Amino acid sequence: MPPIRIAVLISGSGSNLQAIIDKMENCEINGELVVVISNKEHAYGLERARIHNIESLLIDSKTVEHDEYNRLILNAVTERKVELVVLAGYLKILDKKFIEVYKDRIINIHPSLIPSFCGKGFYGLKVHQSAVDYGVKLSGATVHFVDEKEDNGPIILQKSTALDFDDTAESLQRKILDIEHELLPEAIRLFCDRKLKVIGRKVSISK
Ligand code: GRF
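Note that the coordinates shown come from a computational prediction; the quantities given were computed from them, not determined experimentally.

A. Structural view of the overall build of the chain. Within the chain, the regular secondary structure consists of six helices and nine strands. Taking 17 Å as the expected radius of gyration for a compact globule of 207 residues, we find that the chain reaches 16 Å, a close match to that expectation. Seen through its C-alpha atoms, the chain measures out along the principal axes to roughly 50 × 45 × 35 Å. In the chain, buried positions account for 47% of the 207 residues. Considering only contacts within the chain whose residues lie at least 6 apart along the sequence, 64% involve residues at least 24 apart. For the chain, the exposed area adds up to about 10,800 Å²; of that, 52% sits on carbon and sulfur atoms. The average position of the 28 basic charges and that of the 30 acidic charges among the side chains of the chain differ by 5 Å.

Shown next, in the form of structure tokens:
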């Protein structure tokens, strides 16, 4: 099977991007990371891409007007014949057209067990602070396909971790990031091996 052409979209540090790069360099994923795109100029993920000789592209959402931004980002992936778009800490909402063109081919990682602590306003430490404040005993990470609603599409993988009484938002974030670094590359591996099938709200994973 030919390798799947992948774009990773980021807005920040890119530790999930690093986990993907590591697995790819280890030949564990039948994919080719063709471009890393950031909407933020100082996202460290751009530097990670450069270090690994992967094309890095800044489309600055601060300086580019909204419609133009959406046009540029869709062009960037279609021009490069990208087949899978991975959102790895990408803090912008993709527009309707992008989601239509890449239906069932956009994967996002969220640092909670969806449908808890997700949707509008739940990003970064706020997700973990909400879980700690609520007093849940379990939280975790979710990888899902992206549809037109925030953190809503069919779930591919989830993994939980227990909260200790003394956990803070920061300590929970660290625990969950470790899970994310396994879960996101695993979902990408399954996609690239053509093992994922979306059936309504569910994702079947073939053996
Ligand atoms: C992760 O917690 C991810 O789940 C969320 O944003 C964070 C990105 O972290 N969507 P990093 O940039 O990959 O280190």
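B. Layout of helix α6 (residues 169–192). With 24 residues, α6 extends 33 Å from end C-alpha to end C-alpha; this agrees with the ideal 34 Å at 1.5 Å per step. Its maximal kink placed at Glu180, α6 deviates by approximately 25°. Residue Arg194 follows α6 closely and has a positive phi angle near 55°.

C. Highlighting the layout of surface pockets. Here the largest pocket is characterised by a volume of approximately 940 Å³. Every residue lining the largest pocket is counted, 37 residues in all, and those nearest its centre are Gly89, Tyr90, Leu91, Ile109 and Tyr123. Among the secondary structure elements, those contributing two or more residues to the lining of the largest pocket are α1 (15–25), β5 (106–110), α5 (125–134) and α6. Grouping the amino acids of the lining of the largest pocket by side-chain chemistry returns 14 nonpolar, 15 polar and eight charged. Each pocket or cavity is described by its volume, and for the second largest pocket that value is around 200 Å³. Along its surface, the second largest pocket is lined by Lys96, Ile99, Glu100, Lys103, Asp104, Phe145, Val146, Asp147, Glu148, Pro154, Val198 and Gly200.

The rules behind each value
- Residues numbered from 1 in each chain as written.
- Predicted model: local features only at pLDDT ≥ 70, side-chain atom pairs only at ≥ 80, totals over all residues.
- Heavy atoms only, no water.
- Helix = DSSP H or I, 4+ residues; strand = E, 2+ residues; numbered from the N terminus.
- Rg over C-alpha atoms; globule rule 2.2 N^0.38 Å.
- Buried < 20%, exposed > 50% of the residue type's maximum accessible area, 1.4 Å probe, protein only.
- Contact = heavy atoms within 4.5 Å.
- Areas by Shrake-Rupley, 256 points an atom, 1.4 Å probe, with all protein chains shown as cover.
- Lys, Arg positive; Asp, Glu negative; His and termini not counted.
- Charge placed at Lys NZ, Arg CZ, Asp CG, Glu CD.
- Expected span 1.5 Å × (residues − 1).
- Bend = angle between axes of the 7 residues up to and from the residue.
- 1 Å grid on protein atoms, 1.4 Å probe; cavity = no way out; pocket = protein on both sides within 12 Å on 5 of 7 lines; lining within 4 Å.
- Points joined across faces, edges and corners; volume = space filled by probe spheres on them.
- Nonpolar A, V, L, I, M, F, W, Y, C, P; charged D, E, K, R; others polar.

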